[in-house]
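Remarks on the overall topology
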Amino acid sequence: MTQTTPESESAAPTARRPLVELQNVNKHFGSFQALTDIDLTIPEGQVAIVIGPSGSGKSTLCRTINRLETIDEGGRILIDGKVLPEEGRALATLRAEVGMVFQSFNLFAHKSILENVTVGPIKVKGIKKAQAEKEAMELLERVGVAQQAKKMPAQLSGGQQQRVAIARALAMKPKVMLFDEPTSALDPEMVQEVLDVMVQLAREGMTMVVVTHEMGFARKAGDRVIFMDAGRVLEDTDPESFFTAPQHERAKNFLGKILAH
């Protein structure tokens, strides 16, 4: 009989609870099917990178996770075990647990940087202003723009604005962060400063779903690569396997083109 040693016990993988679950998710825009039979489970602490050609359904997938896009009947999306409601206060409550960072920064142009970060915690979560401002300054420090707190969004560079957008999402203390091509609207020299913040979040254990064309980031920070084309998941594997030995012909073609640049 084999005896179990303390070392072998500690080596056993710990099952992480599923934080985001998509079950039989389909999405039509009129007669066009944008998502087809999507089944995905993203456990707590995982960084899932979603890549694929333009029009493959990546952004639509990301936007369904907090119901910015509705899904067809018959499918379900769960956040930390709770089914994402279709509308109303229950949806707002659950949506507050899902932070989202878009291509465009979507900051309130008429509010200061500090106000942009505090408005959600104050209005949605009922946190007192002084506490919200204290936490907001800590987050702005974390993303490297604390010195810009009193400025208006138009006074900041694109990279700085996107880092503020990340801080604003983090201010709601989300369970999962969604990034929909967060660097695609940035000048090349600003891309790295945003990716650095995202790499740090990944290292801290934040659960993340990231739609991106940044292959270096995918290899460095991703735990998993989900490759999509024509609304379907064609590959779902670890970054090393995907980048060194893609299985699907469409993935091979995609990588051949994107890595050649």
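See the structure printed just above.
I will try to describe carefully the structure that is included in this document. (Residues numbered from 1 in each chain as written. Predicted model: local features only at pLDDT ≥ 70, side-chain atom pairs only at ≥ 80, totals over all residues. Heavy atoms only, no water.)

Let's talk about unusual backbone geometry
The phi angle of most residues is negative, glycine excepted, and most peptide bonds adopt the trans form. The backbone of aspartate 37 sits at a positive phi, close to 50 degrees, despite the residue not being glycine. Looking at the secondary structure, you find aspartate 37 in strand 2 (residues 32-43). (Helix = DSSP H or I, 4+ residues; strand = E, 2+ residues; numbered from the N terminus.)

With respect to the pattern of salt bridges
Pairing is possible between side chains of opposite charge, provided their charged atoms come close. Under the defined criterion, the tally for this structure stands at 13 salt bridges. Measuring nitrogen to oxygen at the nearest pair gives 3.5 Å for the salt bridge that ties glutamate 69 to arginine 63. On the basis of relative accessible area, glutamate 69 is assigned to the buried category, the value being 18%. Judged by its relative accessible area of 25%, arginine 63 is partly exposed. In this structure, arginine 219 engages glutamate 240 in a salt bridge whose closest nitrogen and oxygen atoms are separated by 3.8 Å. Note that arginine 219 is positioned in helix 8 (residues 215-221) and glutamate 240 in helix 9 (residues 239-244), a separation of 21 residues in sequence. Taking relative accessible area as the criterion, glutamate 240 reaches 47% and is therefore assigned partly exposed. Through salt bridges with shared partners, one network takes in Arg17, Glu44, Asp80, Glu97 and Lys175. (Salt bridge = Lys/Arg side-chain N within 4 Å of Asp/Glu carboxyl O. Buried < 20%, exposed > 50% of the residue type's maximum accessible area, 1.4 Å probe, protein only.)

Observations regarding the sheet that holds strand 9 (residues 224-229)
With respect to topology, 6 strands assemble into an open sheet ordered 6-7-8-3-9-10, the strand pairing being mixed. Looking at the sheet topology across the chains shown, the edges are occupied by strand 6 (98-101) and strand 10 (232-237). Looking at each pair of strands side by side, their axes are set apart by 15 degrees on average, direction ignored. As paired strands, strand 3 (residues 47-51) and strand 8 (residues 207-211) are joined by 4 bridges and run parallel to one another. Its bridge partner lying in strand 8, alanine 48 is registered against valine 209. Set on the sheet, helix 6 (residues 158-170) makes contact with strand 6 and strand 7 (176-180); between it and strand 6 the angle comes to about 170 degrees. (Pairing = 2+ DSSP bridges. Axes fitted to C-alpha atoms, helices over the stretch in contact; angles between N-to-C directions. Contact = heavy atoms within 4.5 Å.)

Re the sheet that holds strand 5 (residues 82-83)
Strands sit in the order 2-1-4-5 across an open sheet of 4 strands; the sheet is antiparallel. Two strands close off the open sheet at either side, each with one partner strand: strand 2 and strand 5. Pairing of strand 1 (residues 18-29) with strand 2 involves 8 bridges; the strand directions are antiparallel. Its bridge partner being in strand 2, glutamate 21 is matched across the sheet by threonine 41.

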